[in-house]
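Close look at the chain arrangement
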Amino acid sequence: MQQTLARVDETPARADEHRKPKMAVGVVIAIGFVVQLAWRLWLARGVVAPAGHPDEDGYLIAARVLTGGPGGYSTENEEFRRVGYPLLLTPAYWWPGDAFAIFHRAQVISALFGAAVFPLAALFARRVLGTPTRWAVGAGFAAATLPGVTFYSNLAMTDAVLPALFLGWVVLGHGWLAADTRGRRWAYAVASGALAGFIYTVHVRGTMVLAAHLFLMLIAVLARRVTFGPVLGSIVAAGALKSLNNVLLARIGDEIHLLGVSPGSQLGTALTVDWGIVTVVTRIVGQFWAMGVGTLGLGLVGLLAAVAGIGDVRRRQARALTLLAVLVATGLIAAGSAVSLPFADHRLTYFAYPRYLHFLYPVWLLVGLAAARTASRRRRIQAVTATAALMVFSAAVVGLHVADLPPTPFIAFDAVESTLLSWQWSRLDLVGPTIVAIALCGLLVTAIGRSEKARPTASGKAMAAAALVVLVLLGGVGAEVTRERVTMPMVGPQYASDTPKLVRDLKLGPGDTVAEAWQVRFPDLFNHMREVDWAPIVFFDANVPPPPQATVVIAPWDPSGRGPSWDGRSWGMAFVAGAPRQGWAVWRRTMT
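Below or above, wherever it landed, is the structure these notes cover. (Residues numbered from 1 in each chain as written. Predicted model: local features only at pLDDT ≥ 70, side-chain atom pairs only at ≥ 80, totals over all residues. Heavy atoms only, no water.)

1. Overview of the overall build of the protein
Counting secondary structure elements, the protein contains 23 helices and 7 strands. With the C-alpha coordinates of the protein rotated into their principal frame, the extents come out at 90 × 50 × 50 Å. In the protein, which comprises 592 residues, the proportion classed as buried is 57%. In the protein, the proportion of contacts linking residues at least 24 apart, taken out of those at least 6 apart, comes to 78%. Put simply, the protein shows about 23600 Å² of open surface, and 65% of that area lies on carbon and sulfur atoms. With 51 positive and 35 negative side-chain charges, the protein shows a separation of 15 Å between the mean positions of the two kinds. (Helix = DSSP H or I, 4+ residues; strand = E, 2+ residues; numbered from the N terminus. Buried < 20%, exposed > 50% of the residue type's maximum accessible area, 1.4 Å probe, protein only. Contact = heavy atoms within 4.5 Å. Areas by Shrake-Rupley, 256 points an atom, 1.4 Å probe, with all protein chains shown as cover. Lys, Arg positive; Asp, Glu negative; His and termini not counted. Charge placed at Lys NZ, Arg CZ, Asp CG, Glu CD.)

Encoded structure:
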């Protein structure tokens, strides 16, 4: 495995690669970007509301406040609160539009960042891993179609933008270490630091990325790859962008009320109370099982190759130092998420949770593909064997732990790859995805390795190309299937054919003061908060009189009479319309 990574590090670009017209490569990249963008926009069809309540609502409302609109409520907590992603969503509010138009614009922003994974992944494969241009383009396109990347492209979640931002940071960080002129060293140092600082403002995972950036600077200084001037510039840039979060929070002020519970007390006792250490270790191990499933084992091949190549750091190679920093980020995020996910919420998917490492999947997939290209037959067998052993071990650890749990909820939204490979949409299957991922890993590594013989044959090159095509097709089909099986069942019922839209259908507008009962079900509360975009909704308890200033009230309603119904007539209001499937109705105060 160490020799595998060494060959990845030392593989020089072939002479004919340098002679290929850059214009042709640029055209291919541009076409691929457009294809990726169009495909993501196609996946967004019919997705008219968030699936990831209340996270998406919180981001959209924060973006609304940043552009001068009203606030509302968010389930974020003070410690983990980040506002960099809402800043990226602010263009959605630059033109007038209702909540549905705003959400579609947010989907376009997500799709743009998702499509940007392709050129950035190709750049990473070419510059950092040293693969030939054609291979880098093909592998980059495959990395951009990973389910863990595409699944979020039709949603307004940080996971839609993090893969591109992280790839950008890796490429810039490597560029700093490999730069051959003083100007380039300064430019890459400042840019990589700034991007690490901005990733900090996007999500709490950015804290670990920022720590990895500081680690990269430290080992680069110790290895004498950089001088103190650019290091200082990188630190200043990172600090400046990190402080942007505080500036944005000050801009929001008290416009958004936080409902989230601080994880601080949990973090202090997670390893000592109620066998917490077992839960934490299981969650860490489970995340790497999920990575193996989500990358068909190739991500683990890359990760193991990077671990085996740590010794190359002593030779001060830019690629080895960069991958070591990515390893640090991966480990910190896996451990941090294992500790911070709620312990009282026994969701099965928390024990094999892929989401927090999803944005790293393209990097590890590309490292695995590069290692498979250059490894000898013996090394490829060792890599697949080690990957299979790790997957079986991690699946067993998770399986043993969850077997003792009481009946717990399973949410397919948290496990898109494992549900896809097992075709089990309502339960956690550890065996099926493990077998499928290991089998496909062996086949793909074998096919890819045949392209790098001393004298590769046409059939060998064709098999390697076919392996990339298989990855693309699996990603493409998987994205459509998970959209139909996971996203749409969560989105479709929110606005059924008999569900009135507050502004489009009922003509509510700036002249109305809207109050809503807390008893209205959870997703609808946040949908209405986004639809009413001229003033914050006033929330109240349906068991007490509505706020006197309210001209419109949304409250529980069951036309069958079997459930609770709020009667607005007692408060001088007339029934306007109702949503029988969602269980709420709109009442308007009558003129007296």
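Picking up after the structure, the text goes on.
2. Section: the pattern of salt bridges
A full pass over the atoms with the stated rule returns 14 salt bridges. When the shortest N-O distance is used, the salt bridge between Glu480 and Arg483 registers 3.9 Å. Of this pair, Glu480 and Arg483 both sit in helix α22 (residues 458–491), 3 residues apart, which is roughly one turn of the helix. Given a relative accessible area of 23%, Glu480 falls into the partly exposed group. (Salt bridge = Lys/Arg side-chain N within 4 Å of Asp/Glu carboxyl O.)

3. A word on the side chain of His53
Counting through the fold element by element, His53 comes out in the loop between α3 (22–43) and α4 (55–66). Sequence-distant contacts of His53, defined by excluding residues within four places in its chain, comprise Gln494, Phe522, Pro523, Phe526 and Asn527.

4. Things to note about the packing of aromatic side chains
Here the distance between the centres and the angle between the planes together describe a pair of aromatic rings. Inspection of every chain in the model, using the stated rule, returns 19 aromatic pairs. Its end group placed over the ring of Phe351, Arg283 keeps NZ or CZ at 5.7 Å from the ring centre. The ring of Phe100 carries Lys501 above its face, with NZ or CZ at 5.4 Å from the centroid. (Phe/Tyr/Trp six-rings, centres within 6.5 Å; stacked < 30°, edge-to-face > 60°. Lys NZ or Arg CZ within 6 Å of the ring centre and 35° of its normal.)

5. Regarding the packing of helix α9 (residues 162–178) against helix α10 (residues 182–202)
At a minimum axis distance of 8 Å, the contact between α9 and α10 shows a crossing angle of 155 degrees. On the basis of the axis angle, α9 is roughly antiparallel to α10. In this structure, α9 crosses over α10, and the sense of that crossing is left-handed. Note on element contacts: α10 touches α9 through Arg185, Tyr188, Ala189, Ala191, Ser192, Leu195, Ala196, Phe198, Ile199 and Val202, opposite Leu162, Leu165, Phe166, Gly168, Trp169, Leu172, Gly173, Gly175 and Trp176. (Axes fitted to C-alpha atoms, helices over the stretch in contact; angles between N-to-C directions. Parallel < 35°, antiparallel > 145°, perpendicular 65-115°, else oblique. Left-handed = near helix turned anticlockwise from the far one by under 90°.)

6. A few points about the packing of α10 against helix α11 (residues 205–222)
In contact at an axis separation of 7 Å, α10 and α11 are set at 155 degrees when each is read in the N-to-C sense. Between α10 and α11, the interaxial angle falls into the category roughly antiparallel. Judged by the sense of rotation from one axis to the other, the crossing of α10 with α11 is left-handed. Residues Ser192, Gly193, Ala196, Gly197, Ile199 and Tyr200 of α10 form the contact with α11, whose own contacting residues are Gly206, Thr207, Val209, Leu210 and His213. Here the residues of the contact of α10 with α11 are counted per class, giving 5 nonpolar, 6 polar and no charged. (Nonpolar A, V, L, I, M, F, W, Y, C, P; charged D, E, K, R; others polar.)

7. Observations regarding a nonpolar patch on the surface
Taken together, the side chains of Met23, Val27, Ile31 and Val35 make up a nonpolar region of the molecular surface, amounting to roughly 390 Å² of accessible area. Turning to its location among the elements, Ile31 is positioned in helix α3. (Patch = residues over 30% accessible without salt bridge, like charges linked within 9 Å, V, L, I, M, F, W, Y side chains within 5 Å.)

8. A short note on the pairing of strand β6 (residues 573–579)
In the sheet, β6 pairs with strand β7 (residues 584–589) via 6 bridges, with the strands oriented antiparallel. Bridge pairing in β7 places Phe575 opposite Trp587. (Pairing = 2+ DSSP bridges.)

9. Points about unusual backbone geometry
A cis geometry characterises the amide bond from His53 onward to Pro54, with omega recorded as -5 degrees. By the element assignment, Pro54 lies in the loop between α3 and α4. One non-glycine residue, Leu296, lies in positive phi territory at about 55 degrees. With respect to the secondary-structure elements, Leu296 resides in the loop between α15 (276–294) and α16 (298–308).

10. Describing the sheet that holds strand β5 (residues 552–556)
Across the sheet, 5 strands lie side by side as β4-β3-β5-β7-β6; this open sheet has mixed pairing. Each having just a single partner strand, β4 (538–540) and β6 make up the two edges of the open sheet. In this sheet, adjacent strand axes meet at a mean angle of 25 degrees when their direction is disregarded. Inspection of the sheet shows strand β3 (residues 514–517) paired to β4 by 3 bridges, in the parallel sense. Directly across from Ala515, in β4, lies its bridge partner Val538. This element, helix α23 (residues 522–531), spans β3, β4, β5 and β7 of the sheet and lies at about 170 degrees to β3.

11. Observations concerning the side chain of Thr499
Relative to the assigned elements, Thr499 resides in the loop between α22 and β3. Side-chain polar atoms of Thr499 contact the side chain of Gln582, separated by 2.8 Å. Residues contacting Thr499, with those up to four places away along its chain left out, are Gln494, Asp505, Ala579, Gln582 and Trp584. (Polar contact = N/O pair within 3.5 Å; in protein donor to acceptor, adjacent residues only side chain to side chain.)

12. Regarding the environment of Pro547
Structurally, Pro547 is set in the loop between β4 and β5. Residue classification places Pro547 among the buried residues on the basis of a relative accessible area of 11%. Residues Pro547 and Phe100, spaced 447 residues apart in sequence, show a C-alpha to C-alpha distance of 28 Å.

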